[in-house]
Amino acid sequence: MAEEAIQDTVQWDLTSYFPEFDGPEYKAHVEKLEEDIDQMGKDAQALKEITTENTDQWAELICRDEEITCNFSHWASYIGCLNSADSRNEDYKREQARMSRIGAQYRKAGVPIMAALRDVTDDAFEKLVSHPSMETARFSMERGRIDAKRTMDPELEMLAADLSVDGMSAWGRLYNDLAGRLEFEMKKPDGSTEMVPMAQRRSLLEDPDPAVRKAAFVGSNKAWQDVEHVAAACLNGIGGWRLTLNEKRGIDHFLDVAMFQSATEQKTIDQMWDVISRNRDVAWEYLRTKAKLIGRDKLGFQDIGAPLPLKDARRFSWKEGTQMVFDAFNDFYPELAQFTKMMLDEKRVESEKRPGKRPGAFCTSSYKTKESRVFMTYGGSLGDIQTLAHELGHAFHNWVMRDIRPFARSYPMTLAETASTFAESVLCSGIIDSDSTTDMMKAQLLNTQLDHAAVFMCDIHMRYIFEKMFYEERQKGELSVSRIKELMLKAQRETFGDILNEDEMDPMFWASKLHFYITGVTFYNFPYTFGYFFSRGIFSRAKAEGASFLPKYEQLLRLTGSDVSEGVAKRSIDVDLTGPAFWEETIEGIRADLAKFQEVVPKVLGNS
């Protein structure tokens, strides 16, 4: 299909956020937000401790904090949309910086609240959360109290917040600046060389030409080796900062923070990894099949994300792509289809291909207006259609929760991918199971799904194992570059087995993967495996039970901000995540995909 046929994409409409950027309504919103933050901080300091006599005042203050959260999310969502759609706009960039500054003020204003929650007695806390305005926020308040008990004295927490700007955050900024400026020399298959920005590394590693992939892999790793001492200093600095604060805050183990942030128990994550480790053969079998299909005995690390030789360059118009999503949703889940229609009709999706847009895709929401926006750049590929379904799933999650108070709408990363992966599964299953779908399209979709499974079972587990070993040793002192490389290779051998060519493993992955340098969240990676397997397991049950399952699914989504992961699963679909059964069910779904893939691929490659 010609490129012209996919130009009927759309721009989103943001006027329901504010009629215009920097207009009177916008200015009034931000000015009031700053005033409210300042006043909240002063009032929290004046109230001091929470007692059985002042719970009315504290309940009122906390409700004001919730309103500020609501208004801040509205502003942040809007500014995020503007910057993503026009990344060259200097006014938007300045406003993003202003938002970061006000966000820091907001965090500091909340320090007295955390201090009061840390020291509150059981009787006073129970009276507070039993207040009529607080009862539906009990889970959030209980989580806040647990978090508060892991804080230092208010003066020290404020000092830590100030020092972090030039401490842990500075290490993160240094890494981002380094990665953003880094270029590498790439020797092209024709013998010529070119300096390539590091930002292009990932797309080059997905090139169909093995020579291009190898050149990008070798060249980019050489560039990282030239600055490996800087990357190691950043990693050691971030790790050391976290461990020092953990000690001062009375946190026993570095994984306690990660489990709290993900609202999940350590035994659940251990169970998930145990099931994956015992069933890794399904991922390895797929990767061996992939190696054979691209003409290799064993994969190089640069081949993990390589496309298969499924030569179908068809492009779908925006109208065709949205219709495919709507039809798949409507056949399986009519409410999701109607929601999709509303999102498209009300121009809440940005899909136009044009200069100045940032790469990638996301969904963002406003607690204030209870609406979402989906951002992507639609190019007409089957992958773009999957991305659209994925992001609409995020938006649907927010829609289902729209009438829940903000304090009960904030869900952890472990549950954040539930609705998105579920929606993507609905789309892929609908297309694959359709008699009208070509074998080539089925092969492409199954290839994508199995690529995802291999990443979550091998690559993400590798990152978890590496980080765990790194932090265990970092407690005793800084790690040398050579030791960090040794740990990285050890983790790769454990999760990839004999799949990788020993001479083409990636000892520099710790430097090139920015997820290790994210300062706001520790152990950023494992929630993605949890979310993927959790959602796949939910979808398998939905297919088995049919329409009767969907109300339970929506109840699950509504609970994601009101309980830990284990409680959400138990209360909505009666699943015990601490045992192996649910995770093993999900593995069986992946095995079924592999069987379909091995059946259809020989047909499209002419080997049957």
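Refer to the structure above for everything that follows.
Residues numbered from 1 in each chain as written. Predicted model: local features only at pLDDT ≥ 70, side-chain atom pairs only at ≥ 80, totals over all residues. Heavy atoms only, no water.

J.: Account for the overall build of the protein chain, naming residues and giving values.
T.: Counting its secondary structure elements, the protein chain contains 26 helices and five strands. Rg of the C-alpha trace for the protein chain: 25 Å, near the compact-globule value of 25 Å for 608 residues, within the 12% margin. Seen through its principal axes, the protein chain has C-alpha atoms that stretch 80 × 55 × 50 Å. Taking the 76 positively charged and 98 negatively charged side chains of the protein chain as two groups, their mean positions are separated by 2 Å. (Helix = DSSP H or I, 4+ residues; strand = E, 2+ residues; numbered from the N terminus. Rg over C-alpha atoms; globule rule 2.2 N^0.38 Å. Lys, Arg positive; Asp, Glu negative; His and termini not counted. Charge placed at Lys NZ, Arg CZ, Asp CG, Glu CD.)

J.: Describe the side chain of Thr-418, listing the residues and the values that go with them.
T.: In this structure, Thr-418 sits in helix α19 (residues 418–432). Among the polar contacts made by the side chain of Thr-418, one reaches the main-chain carbonyl oxygen of Leu-415 at a distance of 2.9 Å. Not counting residues up to four positions away in its chain, the partners in contact with Thr-418 are Phe-534, Ser-535, Ile-538, Tyr-553, Leu-556 and Leu-557. (Polar contact = N/O pair within 3.5 Å; in protein donor to acceptor, adjacent residues only side chain to side chain. Contact = heavy atoms within 4.5 Å.)

J.: Give me the lowdown on the pattern of salt bridges, citing residues and values where you can.
T.: Within the structure shown, the criterion is met by 53 salt bridges. Notably, a salt bridge pairs Lys-32 with Asp-36, separated by 2.7 Å at the nearest N-O pair. Taken together, the residues Lys-32 and Asp-36, both in helix α1 (residues 24–47) and four residues apart, mark about one turn of the helix. Arg-591 serves as the salt-bridge partner of Asp-281, at 3.1 Å between the closest nitrogen and oxygen. Of this pair, Asp-281 sits in helix α14 (residues 281–293) while Arg-591 is found in helix α26 (residues 581–604), placing the two residues 310 residues apart along the sequence. Overall, Arg-591 belongs to the partly exposed group, its relative accessible area being 25%. Overlapping salt bridges, with partners in common, bring together Arg-213, Lys-214, Arg-296, Asp-303 and Glu-504 in one network. (Salt bridge = Lys/Arg side-chain N within 4 Å of Asp/Glu carboxyl O. Buried < 20%, exposed > 50% of the residue type's maximum accessible area, 1.4 Å probe, protein only.)

J.: Kindly report on the packing of α19 against helix α23 (residues 526–545), identifying the contributing residues and their values.
T.: Relative orientation of the contacting elements α19 and α23 amounts to 50°, with a least axis distance of 8 Å. Between α19 and α23, the angle is such that the two are oblique. Remark: the crossing between α19 and α23 carries right-handed chirality. Between α19 and α23, the contacting residues are Thr-418, Thr-421, Phe-422, Ser-425, Val-426 and Ser-429 on the first element and Tyr-532, Phe-534, Ser-535, Arg-536, Ile-538, Phe-539, Ala-542 and Lys-543 on the second. Partitioning the contact of α19 with α23 into residue classes produces seven nonpolar, five polar and two charged. (Axes fitted to C-alpha atoms, helices over the stretch in contact; angles between N-to-C directions. Parallel < 35°, antiparallel > 145°, perpendicular 65-115°, else oblique. Left-handed = near helix turned anticlockwise from the far one by under 90°. Nonpolar A, V, L, I, M, F, W, Y, C, P; charged D, E, K, R; others polar.)

J.: Now, about the side chain of Thr-560: what can you tell me, with residues and values included?
T.: Among the secondary structure elements, Thr-560 is positioned in the loop between α24 (550–559) and α25 (565–573). Overall, Thr-560 belongs to the buried group, its relative accessible area being 1%. In terms of polar contacts, Thr-560 uses its side chain to reach the side chain of His-397, at 3.0 Å. In terms of polar contacts, Thr-560 uses its side chain to reach the backbone carbonyl oxygen of Leu-557, at 2.7 Å. If we ignore the near neighbours within four places in the chain, the residues touching Thr-560 are His-397, Met-401, Ser-410, Tyr-411, Pro-412, Leu-415 and Val-568.

J.: Tell me what's going on with helix α10 (residues 210–226), and back it up with residues and numbers.
T.: The terminal C-alpha atoms of α10 lie 24 Å apart, and with 17 residues this matches the ideal 24 Å at 1.5 Å per residue to within 8%. Next to the buried residues of α10 lie α8 (168–181), β1 (183–187), α9 (201–204), α11 (228–248) and α22 (509–512). Between a side-chain oxygen at the N-terminus of α10 and the backbone nitrogen of Ala-211 the separation is 2.9 Å; the capping residue is Asp-209. (Expected span 1.5 Å × (residues − 1).)

J.: Break down the packing of aromatic side chains for me, with residues and values.
T.: Following the criterion strictly, the structure yields 42 aromatic pairs and no others. Where Phe-470 meets Tyr-471, the ring centres are 5.4 Å apart and the plane angle is 90°; that geometry is what we call edge-to-face. Given a relative accessible area of 2%, Phe-470 falls into the buried group. On the basis of an interplanar angle of 80° and a centroid distance of 5.5 Å, the ring pair of Phe-582 and Trp-583 is categorised as edge-to-face. You can call Phe-582 buried: its relative accessible area is 2%. Aromatic rings pair up to connect Phe-254, Trp-273, Phe-301, Tyr-464, Phe-466, Phe-470, Tyr-471, Phe-496, Phe-509, Phe-516, Phe-523 and Phe-526 into one cluster. The ring of Phe-375 is capped by Lys-357, whose NZ or CZ atom sits 4.8 Å from the centre of that ring. (Phe/Tyr/Trp six-rings, centres within 6.5 Å; stacked < 30°, edge-to-face > 60°. Lys NZ or Arg CZ within 6 Å of the ring centre and 35° of its normal.)

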